[in-house]
Amino acid sequence: MGDATYPAFLPRLRKVRSVVCDDGCCGKCVMKLNLFLLHAFVLAFAICSLAHHAVIGAEPASRGSGDPEAMRAAGAVIFDAQCASCHGESGQGTEDYFPDPLTGDASIGELAELITDTMPEEDPDACVGPDAEAVAAYIHHAFYSEAAQLRNRPPQLALQRLTGDQLRSSLSDLYSHFAQIHRDRWEDLKANQGLEARYYTGKKWDEEAQKIARTDPVVDFDFELHGPQKADGSDAGIDGEEFHAHWHGGVRIEETGRYELIVRSTTSFTCAFGHNDDQLIDNHVQSEGRNEFRRSLMLTGGRMYPIKIDMNQRKRKGETPPSSISLSWVPPGGVEEILPAHHLMPGWVPPALRLETQMPPDDRTYGFPRGISVDPVWDEAVTSAAIEFADLASVELWPDYLKQHKKDKIGRKKLLLQFLDELIAVAHRRAPDPAASKGIIDTATAAHEDETEQIRHAILLTLKSPRFLYPTLDVDRTASQRAANRISLTLHDSLPGDDWMLRRIEEDSIADEDGRRALARKLVDDARTRAKLREMFHHWLEVSPADDLRKDEELFPGFDAAVVADLRQSLDGFIDSVVWSEASDYRQLVAADWTLTTPRLADFYGEPWQAADPEQTSEASITVDWANGMARSVADEQVHVGVLTHPLVMAKFAHHRTTSPIHRGVFLVRHVMGRVLRPPNEAFTPLSPDLHPDLTTRQRVELQTSPESCQICHSKINPLGFALENFDAVGHYRIMEGDRPIDATGGYSSRQDEEVAFQSARDLGDYVATSPEAQSAFVERMFQYFVKQPIAAFGADQLETLTERFAQSGFNIRELLIEIAVISSRQESH
Amino acid sequence: MPTSRRRFLQQTGISAAAAHFATNLPSLALGAESTNRQRLVFVFSPNGVIPDHFWPEVDKKQGESEMEFKRILKPLKPFRDQTVTMHGLCNQIQGDGDGHMRGIGCLLTGVELFPGDIQGGSDTPAGWSQGISIDQFLKNQLQADPRTRTRFGSLEFGVMVPDRADTWTRMSYSGPNQPVAPIDNPYKMFDKLYGQAKNRELLASVLDDLSDDFRTLEKMVSVEDRHLLQQHQALVRKVEKDLQVELAAKSDAIGHAVPELPPNVEDQNDNMPQITRMQTELLVNSFAADFARIASFQITNSVGNAKLRWLDIDEGHHALSHEPDSNEDSYEKLIKINTWYCEQVAHLAKRLQETPEPGGEGSMLDHTTIVWTNELGKGNSHTRNNIPFVLVGGGLGIRGNRAIDFKRTPHNRFLMTLAERMGFPQETFGNPDFCGDGVLTGV
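Cut-offs applied
Every residue gets a number counted from 1 within its own chain, in the order that chain's sequence is written. Each chain gets a letter, beginning with A, and each ligand a number, beginning with 1, in the order they are written. Local features in a predicted model are, by the rule used here, given only for residues with pLDDT of at least 70; side-chain atom pairs are given and counted only at 80 or more, and totals for whole chains, interfaces and linings are based on all residues. Think of it this way: build a C-beta for each residue from its backbone, and any pair within 7 Å is a contact. A run of DSSP states H or I qualifies as a helix once it reaches four residues; a run of E qualifies as a strand once it reaches two. Both are numbered from the N-terminal end. Under the scheme applied here, ten amino acids are nonpolar (Ala, Val, Leu, Ile, Met, Phe, Trp, Tyr, Cys and Pro), four are charged (Asp, Glu, Lys and Arg), and all others, including Gly, are polar. As annotated, the domain borders come from an automatic or database domain assignment. Exposure criterion: with C-beta atoms placed from backbone coordinates, a residue whose C-beta has 20 or more other C-beta atoms within 10 Å is buried, one with 12 or fewer is exposed, and one in between is partly exposed. Given the number of residues in a helix, its expected span is that number minus one, multiplied by 1.5 Å. Residue-level confidence of the predictor, termed pLDDT, takes values from 0 up to 100. For this entry, the nonpolar core is defined as buried Ala, Val, Leu, Ile, Met, Phe, Trp, Tyr and Cys residues connected by C-beta atoms within 7 Å. Whether two strands pair depends on DSSP finding at least two bridges between them. In this analysis, axes come from line fits to C-alpha atoms, helices being fitted only over the stretch in contact, and the angle between any two N-to-C directions falls in the range 0 to 180 degrees.

Draft legend 1. The arrangement of the interface of chain A and chain B in detail. Each side of the interface is counted separately: chain A has 36 residues, and chain B has 36 residues. Breaking the side of chain A that touches chain B down by element, the ones donating at least two residues are helix H8 (376-404), helix H10 (434-447), helix H11 (451-464) and helix H12 (466-469) of chain A. Per-element tally for the side of chain A that touches chain B: the top contributor is H11 of chain A, with six residues. A per-class count over the side of chain A that touches chain B returns twelve nonpolar, ten polar and 14 charged.

Listed below in structure tokens is the structure:
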């Protein structure tokens with residue numbers, strides 16, 4: 001299974017004995033079969049007898065009298081005698097017997113029951129009833145519970161270096177600082193799609209020759225010999241044998257990854273990408289048989305890359321062949337498709353950094369990437385990224401800067417100093433200051449005569465410096481600068497590079513809470529936030545473009561790469577439409593009775609996946625008009641339960657042929673309810689359906705996890721997972737499994753020992769939407785993903801306060817993000 | 001690495017002074033390894049030549065004479081014993097494309113151009129070549145054999161090649177419809193050859209300054225946080241140490257003596273002489289380091305219109321080449337231009353001659369053949385008969401000091417001869433219709 005959702009302040013569980021079980025199951029501690037076994041038995045036995053004496057020797061009257069302190073004191077004595085030899089004096093674990101610390105979120109009652117039934121391991125009867133209750137009360141208070149851990153070790157902010165994503169984003173904005181940072185707001189995405197197009201007849205460029213000026217949603221044309229026509233198919237006065245056409249705008253990248261761009265054309269064209277001078281494809285010469293051009297590019301999420309296609313149909317002596325052109329792509333985890341309109345923006349778009357270097361993965365112990373360590377591989381990748389950046393800076397940023405400052409007349413040398421100072425200032429998150437940049441610039445200019453080498457040297461020094469790599473090493477900066485550094489890092493994984501933001505920093509208007517909130521509000525509605533949020537959801541739901549979701553082809557014919565690609569778009573689109581709608585309602589996210597669909601999905605999943613009649617879905621808050629090719633589905637409260645029953649999620653938490661209630665349950669316990677599960681101690685292979693032909697999947701799981709030792713965790717896991725049994729291994733809604741009806745009843749017992757029963761996924765979704773426990777888990781997850789620090793480090797009651805505020809805002813996710821950014825920028829906590 | 005070879009290269013390095021020193025010690029060149037490398041360089045200059053001042057007289061009966069250096073070829077006189085002129089080779093490829101397009105596009109490929117949409121000054125429009133060029137073909141052959149495989153196989157140098165990909169700017173093809181772009185910016189070529197090494201050196205030079213940064217910033221953080229910074233600092237120091245070892249080892253090793261280019265030379269017409277020199281140095285260097293055994297050196301392009309102002313010629317080369325022979329002024333200028341190109345070839349030959357063959361006998365020129373060529377025989381007639389093919393050097397083992405006349409022979413047979421002499425005889429190369437009689441006789 002994937003990431004645990006332990007709060008950041010919990011110690012990382014040791015994995016000495018844990019073998020992650022194939023089924024994501026959790027077993028109780030199993031005795032090690034080693035040479036110490038016999039010894040342990042003897043020792044434990046001896047201690048047991050001693051303990052009885054000790055307990056008897058204590059004051060029996062004080063137990064059960066309702067005095068919690070006295071009860072804990074008695075529990076402490078028993079724990080020292082019977083438990084500490086294996087679990088350690090303060091439950092920290094012992095190397096030889098039980099290395100994992102005793103921490104978790106079970107209630108005192110649950111703990112007492114567990115101890116009664118299973119502890120001490122070699123003689124469970126030795127500690128039962130009131131003794132077990134006393135021990136439970138003691139350990140819960142002393143070190144087991146989350147509250148105890150907080151008391152014992154107040155979490156602190158830890159210094160972190162930039163993560164891989166943060167490095168990539170920071171470099172992107174450093175580049176764009178010079179070129180202009182393009183802010184793509186949600187409204188822009190909805191309103192501006194496609195590419196700006198101009199069509200000219202003949203060879204000329206004048207007004208008379210320009211016959212069509214329009215926005216083309218996509219580039220996919222077969223002009224044949226008649227040439228480009230008006231949208232209604234009528235003649236535009238263009239000579240099909242001699243014309244030129246031009247498309248320009250930007251390509252919206254929502255997710256960092258490797259993309260393949262494909263242009264197919266039987267006509268001469270050139271395609272610039274990323275920067276006007278960077279010709280991605282040069283097919284100036286049209287040569288028979290050379291009609292397909294593929295380019296693979298590593299692109300950054302939340303960024304817009306300029307694209308320009310110039311097509312030129314030349315009249316030939318003899319026969320001029322028909323002309324055609326199309327622009328397609330293969331996004332990460334997707335299949336080839338015509339580049340969709342909502343991934344295109346018409347008009348001028350500033351140049352954007354193309355960074356090929358891929359950073360090594362960061363630590364993800366707590367379910368989100370953090371920069372907590374350095375190693376040679378990482379260091380080498382930083383160098384490579386810095387050099388790549390330096391090369392682009394010297395061939396693109398510097399020449400462009402020269403052009404922009406042509407009128408300044410201060411001389412090339414001075415201009416270079418100014419350019420470098422500005423670059424160093426933004427990279428080191430401070431105001432331009434020639435004195436502060438002097439060290440780097442002098443070193444670089446003294447080392448080389450060649451301008452390009454000077455730039456490269458200065459940039460390498462700048463980007464390898466801890467000033468760049470450790471974003472919070474900024475106590476010597478102004479309060480506004482520090483606030484902006486943190487808000488940019490929280491929301492965009494980046495640094496302040498936008499000109500308007502730098503001005504606000506200079507004015508020092510971000511120092512107080514209102515100023516910071518205003519900044520966060522402005523920054524939240526931005527493609528960069530959307531990209532980070534999407535990544536968070538992918539982590540949360542454990543879906544990744546790299547997933548292999550192929551299933552048994554006989555059982556699930558038609559569940560192919562194209563369906564999976566559509567499912568990815570559907571899930572991403574659904575999340576976007578909820579989060580970026582007016583209400584931005586968390587409850588919709590986990591319980592909406594609709595989703596986004598495509599014709600292909602409707603074909604595969606049937607009626608509940610039909611597109612809704614737009615007339616009847618007048619719910620003003622959520623529209624999906626931005627998403628080409630996707631439509632809102634009809635409402636069906638059984639089939640659609642927000643992200644929880646989305647087929648991509650259901651298929652991810654399923655086996656090749658059957659569902660996996662355990663995977664689904666673990667996901668729900670950990671990720672949705674925010675509970676802690678110890679990792680399993682042993683690997684189990686799920687029981688084979690072939691060996692138990694009479695059992696349903698649910699029954700097989702119940703059988704396999706029936707031992708008491710399994711039930712400690714599986715009593716939590718299974719009932720949650722079972723509630724999703726109506727969804728098969730490809731997320732298709734079903735009421736029968738073979739010839740047996742589905743039983744999707746389930747339940748959950750909360751931290752407050754409240755028992756909830758579910759009839760189906762619908763009940764589960766409604767519970768997740770309204771449960772304060774799940775809401776708090778969501779808030780904490782969001783906080784930690786965005787800030788990469790434990791929320792408790794910002795105050796012990798911060799989570800509670802923020803969850804309350806979340807509720808008051810109507811569970812508005814965007815507002816939550818703003819508050820998270822504001823909290824992350826509070827100076828006193830640093 | 002045998003000591004003699006290593007010592008030898010340490011001595012030669014790449015600087016002219018060192019090379020000069022080494023040539024006086026021929027015994028040094030007799031290393032333990034005798035690899036017998038064979039190399040080919042195709043040097044291209046555009047717009048045809050002035051035949052009367054280019055071609056030596058050839059005995060009509062014999063079809064061959066001793067070399068006679070007329071005005072244009074005079075710079076090659078010092079290489080008399082390794083120079084051969086090959087009159088009578090004709091690029092007879094027909095089909096799509098104008099004379100200049102077919103002139104360059106079929107020159108090394110010996111095959112037609114695809115139909116396409118690029119319209120020249122006459123004839124039908126065309127696209128790219130339908131086949132591989134001889135340099136890329138030979139590269140593939142050499143790279144297929146571990147004994148002759150090199151880091152790049154082939155290198156494509158250019159000088160002032162216009163920044164557009166079209167039939168006139170591409171001579172080399174890795175296959176049908178696959179033109180290979182020459183690199184005409186010496187700094188870019190330098191990056192390709194030595195970029196990695198240069199980046200390592202740059203990195204080494206910044207690490208020490210980084211340590212200062214760490215020391216300053218350490219003071220700003222808590223004791224716990226300092227731990228990560230200290231770890232990072234230790235990493236920086238380790239990288240620094242490793243790099244010192246690596247770079248020291250490199251400067252000892254052969255082929256990594258990185259040449260120095262003059263800084264800030266911009267890609268401009270008037271810098272053409274300097275760029276040509278820089279590219280020549282890089283070419284000689286990469287051959288010495290055995291980065292490649294095949295190269296092309298394309299000065300401008302077909303229809304190249306460089307203005308050779310340093311010769312006091314302000315008109316563009318192509319424009320001049322259209323003038324009738326009766327225009328004495330332009331006639332004289334064209335002779336000067338052609339002579340300048342010849343000087344560049346001679347300089348390349350000189351640099352190769354000055355550099356002893358690494359691990360082998362004699363100079364690098366003894367193991368390299370320069371094939372100097374052109375897209376046209378003569379500019380104002382656009383003829384592709386009598387393409388000016390001049391061979392300099394001993395790479396192909398062809399005896400020098402000869403002016404040969406092949407009397408209207410398709411140039412495909414010359415391409416086949418190159419393949420055969422490099423050890424890869426072919427039944428045909430390019431369009432088989434022009435290969436009927438096999439390799440050239442009398443070479």
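Draft legend 2. Up close: the domain arrangement of chain B. Residue and element names in this part refer to chain B. Domain annotation for chain B reports domain 1 (34-185 + 268-434) and domain 2 (187-266). Each of domain 1 and domain 2 has a C-alpha centre, and these two points are 41 Å apart. Every contact between the two is made by 18 residues of domain 1 and, on the other side, twelve residues of domain 2. Considering each element in turn, the side of domain 1 that touches domain 2 owes the most residues, nine residues, to helix H7 (residues 272-288). Its residues placed into classes, the side of domain 1 that touches domain 2 shows nine nonpolar, seven polar and two charged.

Draft legend 3. Molecular detail of the environment of Gln298 of chain B. Residue and element names in this part refer to chain B. With respect to the helices and strands, the residue Gln298 is situated in strand E7 (residues 292-299). Gln298 gets classed as buried once you count the C-beta atoms within 10 Å, which come to 28. With 126 residues separating them along the chain, Gln298 and Ser172 place their C-alpha atoms 9.6 Å apart.

Draft legend 4. Seen up close, helix H13 (residues 479-492) of chain A. Residues and elements named next belong to chain A. Here H13 contains 14 residues, and its C-alpha end-to-end distance of 19 Å stays within 8% of the 20 Å for a straight helix at 1.5 Å per residue. Most of H13 is tucked away, with 13 of its 14 residues classed as buried. Just past H13, the residue Asp493 takes up positive phi, approximately 60 degrees.

Draft legend 5. Spatial organisation of the confidence of the model for chain A. With 89% of its residues at a pLDDT of 70 or more, chain A shows a mean pLDDT of 87. This model gives residues 1-65 of chain A a pLDDT under 50, and the stretch forms 126 contacts once residues within four places in sequence are excluded.

Draft legend 6. Seen up close, the nonpolar core. Ranked by size, the top nonpolar core spans 105 residues in total, and within it Ala520, Val768, Leu817 and Ile820 of chain A carry the most contacts. Counting 101 residues, the second largest nonpolar core, distinct from the first, contains Leu107, Leu142, Met171 and Phe414 of chain B.

Draft legend 7. Up close: the sheet that holds strand E2 (residues 64-66) of chain B. Residue and element names in this part refer to chain B. Taken in spatial order, the eight strands line up as E2-E10-E3-E9-E8-E1-E7-E4 in an open sheet, and their pairing is mixed. Among the strands making up the open sheet, the edge pair consists of E2 and strand E4 (153-159). Neighbour-to-neighbour, the strand axes of the sheet open up by a mean angle of 20 degrees, direction not taken into account. Where strand E8 (residues 368-373) and strand E9 (residues 389-392) come together, three bridges link them in antiparallel fashion. Paired with Ile370 across the bridge in E9 is Val392.

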